[in-house]
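Each chain is listed here by its residues.
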Amino acid sequence: MTADVELRHRRWMQEALDMAKLAAELGEVPIGAIVVRDDTVVGRGFNRREIWRDGTAHAEIIALREASRRLGGWRLTECDLYVTLEPCPMCAGAIVLSRVRHVIYGATDPKGGAMESKIRLCEPGLWNHTPQITSGVLRDECANILRDFFRALRS
């Protein structure tokens, strides 16, 4: 990865982390996501499962929906998704179906990650679309916000 690409990934992941912080402030699990096209944010989301009482209200789903509405179509072929935690199976499916070009995530999710940790739903050849995947961008910051949230919840 070139220095320019790494810098860009870090910049956008920081925006996803800002969304995760909003989730934490509202008592939601702090996961944030943004969709970027042509160096512009076209979709934002953070977990709202508790607020909306909806098990599908994941950060990625909300960000993908906003991007589709904003761009006027469901094909997000020129878009990149930044998310603080490795997507789950539901979100991985939505990513494939939305034709997202590139998924960049921070922390891995050994309990439910569907990119590399638990299962690999975006392996080349499985579906008609395979996004590029980059993991570990701001890994520690993304893991720490989750760790701190759950530590505070338990105390």
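Residues numbered from 1 in each chain as written. Predicted model: local features only at pLDDT ≥ 70, side-chain atom pairs only at ≥ 80, totals over all residues. Heavy atoms only, no water.

Looking at an unreviewed UniProt entry, the protein chain carries the name tRNA-specific adenosine deaminase, with the source organism given as Alicyclobacillus sacchari. Recorded in UniProt for the protein chain, the comment headed Subunit (unreviewed entry) runs: "Homodimer." The annotation that UniProt attaches to the protein chain under Sequence similarities (unreviewed entry) is "Belongs to the cytidine and deoxycytidylate deaminase family. ADAT2 subfamily." (UniProt positions renumbered as here; feature names shortened; annotations may be inferred.)

1. Overview of the sheet that holds strand E2 (residues 40-46)
Here we have 5 strands laid out as an open sheet, ordered E2-E1-E3-E4-E5, and mixed in their pairing. Only two strands of the sheet have a single partner each, and these edge strands are E2 and strand E5 (132-135). On average, each strand axis in the sheet is inclined to that of its neighbour by 15 degrees, with strand direction left out of account. Of the pairings in the sheet, the one linking strand E1 (residues 32-37) to E2 comprises 6 bridges and is antiparallel in character. Along E2, the bridge assignment pairs Arg 37 with Thr 40. Contacts from helix H3 (residues 59-71) reach E1, E2 and strand E3 (79-85) within the one sheet, and its direction differs from that of E2 by about 145 degrees. Packed onto the sheet, helix H5 (residues 139-154) meets E3 and strand E4 (102-107) and runs at close to 60 degrees relative to E4. (Pairing = 2+ DSSP bridges. Helix = DSSP H or I, 4+ residues; strand = E, 2+ residues; numbered from the N terminus. Axes fitted to C-alpha atoms, helices over the stretch in contact; angles between N-to-C directions. Contact = heavy atoms within 4.5 Å.)

2. Description of the packing of aromatic side chains
For the structure shown, the criterion picks out 1 aromatic pair. Centroid distance Phe 149 to Phe 150: 5.2 Å. Interplanar angle 80 degrees. Geometry classified as edge-to-face. If you follow Arg 11 out to its NZ or CZ, it ends over the ring of Trp 12, 4.0 Å from the centre. Residue placement shows Arg 48 over the ring face of Phe 46; its charged tip is 4.2 Å from the ring centre. (Phe/Tyr/Trp six-rings, centres within 6.5 Å; stacked < 30°, edge-to-face > 60°. Lys NZ or Arg CZ within 6 Å of the ring centre and 35° of its normal.)

3. Let's talk about the UniProt feature "active site" (unreviewed entry) in the protein chain
UniProt's feature table lists "active site" (unreviewed entry) at Glu 60, given in the numbering used throughout. Turning to its location among the elements, Glu 60 is positioned in helix H3. Glu 60 gets classed as buried once you look at its relative accessible area, which sits at 4%. Other than its neighbours up to four places away in sequence, Glu 60 contacts Ala 33, Leu 81, Val 83, Leu 85, Pro 87 and Cys 91. (Buried < 20%, exposed > 50% of the residue type's maximum accessible area, 1.4 Å probe, protein only.)

4. As for the pairing of E2
Most of E2 is tucked away: 5 of the 7 residues are buried. As consecutive antiparallel partners, E1 and E2 are separated by 2 residues, and within that stretch Asp 38 has a phi angle of approximately 50 degrees, a positive value.

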